[in-house]
Amino acid sequence: IAVCGLMNAGKSALLNGLTGNLENEVFETKAVRATIRVQELEHEGLVYLDTPGIDACDEDDRQVWLGLSHADGILFVHNLRTGTLEEIETKFLRELMRRRPDLNRHLVVVLTHSESATQQQTREHAIRGILQSLFEVVPPTFATSFSALRNGMQKHSPKLLELGGYERLKGYLDTYLNLSAESLRNLRASRDEHSYAELRHFLDQQIVEREEQLQKIEEAQSSSLKQLQGSVQNLFTSITQGLARSRAD
């Protein structure tokens, strides 16, 4: 299960909540950029991956794509406090669809900080509209609150735990991931086949481009060689003629 999203979207806190690390942060959370490499933790038979923010730098983006390339489940995280989806997020989701044609089977959208977002329902509705325009069918979407989850655990409050939204999300993930080994193998084989086809297409393009470049270089060298041969021939002719005149004189 890999999480992705903007920096400070709540990715690390989400994973701490899903893995039961409410007090001791296994996945570090800070107000500044904290995750700069893909981090992973195995918990109850699942491997969770925390990826850097998609808006930080090129190296972080490279780490994100590495983390998402073979994930069985992808959690796209958005902070409700920031409003609806930003352009950089929709651009990222389009690129993710291009890289993962099977995305509709694997994507879950998680809206964090639901406890503190003003006009939450309005924002959720707007986000669902954007998602529908991107995917036609809105991916499974869950609103969560890490603080509500932690308070609910501390106070043994079912109401706060329900507000946290983690049980609903975990229930969905458990159901989604309760696939047979054969189903998982088929999904992964299909994903690997697509990756292989993309790599082969990329290499074919590189070969064509290199051959075109080589042909241009050879043509330029051939032209230069002809010019040089012509210059040498003209020089030879000029010297020969000069010698002939000298003998005649």
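In case you missed it, the structure is sitting above this.
A brief look at the structure comes next. Because the structure is predicted, anything quoted here is derived from the model rather than measured.

Overview of the side chain of D50
Structurally, D50 can be placed in strand β3 (residues 46-50). For the buried residue D50, which engages in no salt bridge, the nearest side chain bearing the opposite charge is K11, 5.5 Å off. Within the structure, D50 has its side chain in polar contact with the side chain of S12 (distance 2.6 Å).

Concerning the layout of surface pockets
Here the second largest pocket is characterised by a volume of approximately 450 Å³. Residue lining of the second largest pocket: 18 residues in total, with W65, S69, R99, S195 and E198 positioned closest to the centre. Secondary-structure elements contributing two or more residues to the lining of the second largest pocket are α2 (58-68), α3 (87-99) and α8 (181-248). Counting residues per element, the lining of the second largest pocket draws most heavily on α8, which supplies seven residues.

Quick look at the sheet that holds β3
The strand order across the open sheet built from six strands is β2-β3-β1-β4-β5-β6, with neighbouring strands paired in mixed fashion. The strands lining the two open edges of the sheet, one partner per strand, are β2 (39-43) and β6 (141-143). Here the average twist between neighbouring strands, direction ignored, is 25 degrees. The sheet contact formed by β2 and β3 spans five bridges and is antiparallel. Note on β3: the bridge partner recorded for H43 is L46. Along the sheet, α3 contacts β1 (2-5) and β4 (74-79); its crossing angle with β4, the most-contacted strand, is approximately 170 degrees.

What to know about the packing of aromatic side chains
In this structure the tally under the stated criterion is two aromatic pairs. Judged by centre distance (6.1 Å) and plane angle (20 degrees), the ring pair of F76 and F92 falls under stacked. Here the residue F76 occupies a position in strand β4, and F92 occupies one in helix α3, the gap between them amounting to 16 residues. Since its relative accessible area comes to 1%, F76 is described here as buried. Ring plane angle 50 degrees and centroid distance 5.5 Å describe the contact between F142 and Y172, whose orientation is recorded as tilted. Residue F142 is located in strand β6, and its partner Y172 is located in helix α7 (residues 166-177); the two are separated by 30 residues in the primary sequence. A relative accessible area of 27% means that Y172 is categorised as partly exposed.

Here's the deal with the nonpolar core
Ranked by internal contacts, the top residues of the largest apolar core, which has 24 residues, are L68, I74, F92, L93 and L96. Taken together, the elements giving at least two residues each to this core come down to β1, α2, β4, α3, β5 (107-112) and α4 (120-135). Setting aside residues up to four positions removed in sequence, I74 forms contacts with A2, C4, L68, L96, R100, L103, H106, L107 and V108. Core analysis: the next-biggest nonpolar cluster, separate from the first, contains 19 residues, A9, L15, L22 and L75 among them.

What counts, and at which threshold
For every chain, the first residue of its written sequence is number 1, and the numbers climb from 1 along that sequence. Predicted model: local features are reported for residues with pLDDT of at least 70 only, side-chain atom pairs are reported and counted for 80 or more only, and whole-chain, interface and lining totals are derived from all residues. Only heavy atoms go into the side-chain values, all of them from the structure, while hydrogens and water stay out. Secondary structure is summarised from DSSP: a helix means a run of H or I of at least four residues, a strand means a run of E of at least two, and numbering begins at the N terminus for each. Exposure classes here rest on a 1.4 Å probe applied to the protein chains alone. A residue is buried below 20% of its type maximum, exposed above 50%, and partly exposed in between. In this tally, Lys and Arg are treated as positive and Asp and Glu as negative; His is ignored, and so are the chain termini. Think of a salt bridge as a Lys or Arg side-chain nitrogen and an Asp or Glu carboxyl oxygen that are within 4 Å of each other. The term polar contact refers here to a pair of N or O atoms within 3.5 Å; inside protein, the definition further demands a hydrogen-donor-capable atom paired with an acceptor-capable atom, and it admits residues adjacent in sequence only when both atoms are side-chain atoms. Any residue with an atom within 4 Å of a point lines the site, the site being either a cavity, points on a 1 Å grid over the protein atoms alone where a 1.4 Å probe fits but cannot get out, or a pocket, an open set with protein on both sides within 12 Å along at least 5 of 7 lines. Grid points are joined across faces, edges and corners, and a volume is the space filled by probe spheres set on the points. What makes two strands pair is DSSP finding at least two bridges between them. Only C-alpha atoms enter the line fits that serve as axes; for helices the fit covers just the stretch in contact. Angles between N-to-C directions range over 0 to 180 degrees. By the convention used here, residues are in contact when the closest approach between their heavy atoms is within 4.5 Å. Here a Phe, Tyr or Trp ring, Trp counted by its six-membered ring, pairs with any other such ring whose centre lies within 6.5 Å, and the pair is stacked when the planes are under 30 degrees apart, edge-to-face when over 60, and tilted otherwise. Nonpolar core, defined: a set of buried Ala, Val, Leu, Ile, Met, Phe, Trp, Tyr and Cys residues in which side-chain atoms within 4.5 Å join the residues together.

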